[in-house]
Amino acid sequence: MEKLFVFSRIVLFLGMLTGTKGASAAWLRAHATFYGGSDASGTMGGACGYGNLYRDGYGVKTAALSTALFNKGKACGGCYQIVCDATQVPQWCLKGTSITITATNFCPPNYALPSDNGGWCNPPRPHFDMSQPAFESIAKYKAGIVPILYRQVGCKRSGGLRFTINGRDYFELVLISNVGGAGEISKVWIKGSKDNKWEAMTMNWGSNWQSLKYLNGQTLSFRVQTSDRKTRTALNVAPSGWKFGQTFTTNVQF
């Protein structure tokens, strides 16, 4: 009887969340663990290339995704709403809570351990290794691992798209961060002021996209397409005197 009551409450809670604007994907099952320490300092950097997650607009509401979800880096920047599944572990879940996290890292498989006992991120398991503060917003620390319900949702960001230009001559490696909307980048184009022609960039790793043109001394513009095929154009992002290692913030957002 108690289990049925818990089930009814979580169904009602999920129904309320489904009614929120911009959330329409189906709820799916997975598990969640945590890493990075109580201040999430151990989550900085990672396989998406963001570096300082505070500076790049993500804070502590982040997670590393297993192979099944990471999609070779294409999932970087995507947002997921997560609820602890109280129908299975009511003693560990914080009732009435949910959190929206951003995919900022990869949780690698550990084939030395079984998938149901330590190898949590082994394929084909969908798994979220959340920052500790994010995990503790939906479940108790002592749980260690909890079953969850999750779905992909839109990302809400403060401020505009950010472009960090690294690399060297004839190799511009651009980290694109703070992407709203779908969050996941599918295509990028770059345009120098001398050529005045949009050139397609290629994904290098994570949210880093590359160009092999010589663009020094040119004002740079960018066009970004997300996984839902929406496109935004940011003109004259970097002035002609830009240097490698600089970050430029725009007022353009999804």
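Residues numbered from 1 in each chain as written. Predicted model: local features only at pLDDT ≥ 70, side-chain atom pairs only at ≥ 80, totals over all residues. Heavy atoms only, no water.

A. Representation of the sheet that holds strand 12 (residues 208-211). Strand order in the open sheet made by the 5 strands is 11-12-8-7-15, with antiparallel pairing throughout. Two strands close off the open sheet at either side, each with one partner strand: strand 11 (202-205) and strand 15 (246-249). For this sheet, the mean angle separating the axes of adjacent strands, direction not counted, is 30 degrees. Inspection of the sheet shows strand 11 paired to strand 12 by 3 bridges, in the antiparallel sense. Counted as the bridge partner of Thr202 is Gln210 from strand 12. (Pairing = 2+ DSSP bridges. Helix = DSSP H or I, 4+ residues; strand = E, 2+ residues; numbered from the N terminus. Axes fitted to C-alpha atoms, helices over the stretch in contact; angles between N-to-C directions.)

B. Local environment of the side chain of Asn122. Mapping Asn122 onto the fold places it in the loop between strand 4 (99-106) and strand 5 (127-131). A residue is classified by how much of its surface remains accessible, and Asn122, at 3% relative accessible area, is buried. Residues in contact with Asn122, not counting those within four places in the same chain, are Pro109, Asn110, Tyr111, Leu113, Pro114 and Ser115. (Buried < 20%, exposed > 50% of the residue type's maximum accessible area, 1.4 Å probe, protein only. Contact = heavy atoms within 4.5 Å.)

C. Seen up close, the state of the cysteines. In total, this model carries 4 disulfides according to the counting rule given. The disulfide partner of Cys84 is Cys93, and the gap between their sulfur atoms is 2.0 Å. Because the torsion about its S-S bond is -65 degrees, the bridge between Cys84 and Cys93 counts as left-handed. (Disulfide = S-S within 2.5 Å.)

D. Layout of the nonpolar core. One finds Leu65, Ile82, Ile101, Phe128, Met130 and Val146 to be the most contacted residues of the largest nonpolar core, which totals 32 residues. Counting only elements with at least two residues in this core, the list comes to strand 1 (28-35), strand 2 (62-65), helix 2 (67-70), strand 3 (79-84), strand 4, strand 5, helix 3 (132-135) and strand 6 (146-153). With residues near it in sequence (within four places) discarded, Met130 still touches Ala32, Thr33, Phe34, Tyr35, Thr62, Ala63, Ile82, Ile99, Ile101, Phe135 and Ile138. (Core = buried A, V, L, I, M, F, W, Y, C linked by side-chain atoms within 4.5 Å.)

E. Examining the pairing of strand 7 (residues 162-168) more closely. Bridge count for strand 7 against strand 8 (residues 171-177) is 7 bridges, and the pairing is antiparallel. When the bridges of strand 8 are listed, Arg168 appears paired with Phe171. Taken together, strand 7 and the strand that follows it, strand 8, pair antiparallel across an intervening segment of 2 residues, in which Tyr170 is found at a positive phi of about 65 degrees. For strand 7 and strand 15, the ladder comprises 4 bridges, and the chain directions are antiparallel. Paired with Ile165 across the bridge in strand 15 is Gln246.

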